[in-house]
Amino acid sequence: MKKAKIVIGLGFGDEGKGITTDFLCRQYPKSIVIRFSGGPQAAHTVLINNKKHIHASFGSGALRGLPSYFSEHCIIHPTFLYNEKKELEEKSGNTELYIHPLAKLTTPFDVWHNRKNVKNLKHGSCGKGIGATMKRNEGPNKLYAIDLLAPRSMFVEKLKGIANYYGIYDNEELRSEVNYFLECINSLNWKIKDYSFLKKYETFIFEGSQGVLLDMNHGIFPNVTYANTTSKNAIEICKKLQIEDIETFYVSRSYITRHGNGWMLNESEIKLKNNEEETCVYNEFQKHLRLGELDLDLLFHAKKIDQIYNTSKKSHIVITCLDQFDASIDWNKLKNNFDQVYGSYSPESKTFKELSI
């Protein structure tokens, strides 16, 4: 019987979905990792024997040697993908990537618009063109993964339409970026496959992006991400693949984080330790990583939101960064709300264990 393991963040992102995905990849080394939302803005860190990689354009099983699949709900940026592929190759990771024909493509024009839009920057942005790409695809100027296989002149004509859509005409600043973008596309071996390709696998690890509290339908507008960050898309794919054996692994740090603008509960000046491997550092778009005390009622509320869509028989909780605040967590409450409780005290998944409570 085919099995699915779904990894979902219960916060505002950065909960530990990468390390959780890697933990599951250790258990099921012949599986494939499926990204079912988001794009290169969803960067997940995996550390294996002091070898570190931040997975953004590949699933978080790539460093361990597993293949990746990006669904129709995802976004691909060929430049970011090419650059990350070179990094993974240097680390002997698996760069085998399959992409659904209807995955959306981000262009340098989308990134440029994202970074120049004052309103968008005020609401919160990672500066990678995600929101711009999603909004553009609601109109006639669509660009999909299948277009990567079109004759070059046709693809370039679509790019010209996107440039006109943003009112960008012969922009000297962008010319070199567009040329490199096209070079990257030429350098990659595109494997565009629909869901029927996945039927040869028995186990699927669905890796979520960001967190339930940033979901476009359930987060607090306008500080949301342009994606379904719940299990909604993953469950739809499971139905198409006729997968009934589904487990969900909900993830949270032992404290709350938010990288970007917007409402946040219990925000405070928390001093962390052992956080040298923190990926979410200051950048000009999201600024500093914000911290707060973990609130279990908010965590349970995020789970209730996800279970509107989620039909899995078992749900587990994974608490990462336990070296920070494990003594302040009410473990009995967690035990009463989840089938199993897992914890991790370091950035490496080999430290994962089921907690006896």
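Structural notes, computed from the coordinates. Note that the structure is a prediction, hence the values are computed from the model and not measured.

Brief notes about the environment of Leu47
Now for step 1: If you trace the backbone, Leu47 turns up in strand β3 (residues 44-48).
Now for step 2: Leu47 sits in the buried class, given a relative accessible area of 11%.
Now for step 3: As for Leu47 and Gly18, which are separated by 29 residues in sequence, their C-alpha atoms are 9.3 Å apart.

Topic: the packing of helix α6 (residues 152-165) against helix α7 (residues 172-187)
Now for step 1: Axis separation between α6 and α7 bottoms out at 13 Å; the angle between their running directions is 145 degrees. Note on packing geometry: the crossing formed by α6 with α7 is right-handed. Within the contact between the two elements, α6 uses Arg152, Phe155 and Leu159 and α7 uses Phe181, Leu182, Ile185 and Asn186.
Now for step 2: Residue classes in the contact of α6 with α7 are distributed as 5 nonpolar, 1 polar and 1 charged.

Quick notes on the environment of Ala163
Now for step 1: You can see Ala163 is positioned in helix α6.
Now for step 2: Looking at Ala163, the relative accessible area reads 8%, which means it is buried.
Now for step 3: Sequence separation between Ala163 and Pro67 is 96 residues; the distance between their C-alpha atoms is 34 Å.
Now for step 4: With residues up to four places along the chain from it excluded, the contact list for Ala163 reads Phe109 and Ile168.

What about the sheet that holds strand β15 (residues 353-354)?
Now for step 1: Pairing is mixed in the open sheet, where 9 strands are placed in the order β7-β5-β2-β9-β1-β10-β13-β14-β15. Of all strands in the sheet, those bounded by a partner on one side alone are β7 (97-99) and β15.
Now for step 2: Where strand β2 (residues 32-35) meets strand β5 (residues 68-70), 3 bridges bridge the pair, whose relative direction is parallel. Note on β5: the bridge partner recorded for Arg35 is Phe70.

The rules behind these values
- Residues numbered from 1 in each chain as written.
- Predicted model: local features only at pLDDT ≥ 70, side-chain atom pairs only at ≥ 80, totals over all residues.
- Heavy atoms only, no water.
- Helix = DSSP H or I, 4+ residues; strand = E, 2+ residues; numbered from the N terminus.
- Buried < 20%, exposed > 50% of the residue type's maximum accessible area, 1.4 Å probe, protein only.
- Axes fitted to C-alpha atoms, helices over the stretch in contact; angles between N-to-C directions.
- Left-handed = near helix turned anticlockwise from the far one by under 90°.
- Contact = heavy atoms within 4.5 Å.
- Nonpolar A, V, L, I, M, F, W, Y, C, P; charged D, E, K, R; others polar.
- Pairing = 2+ DSSP bridges.

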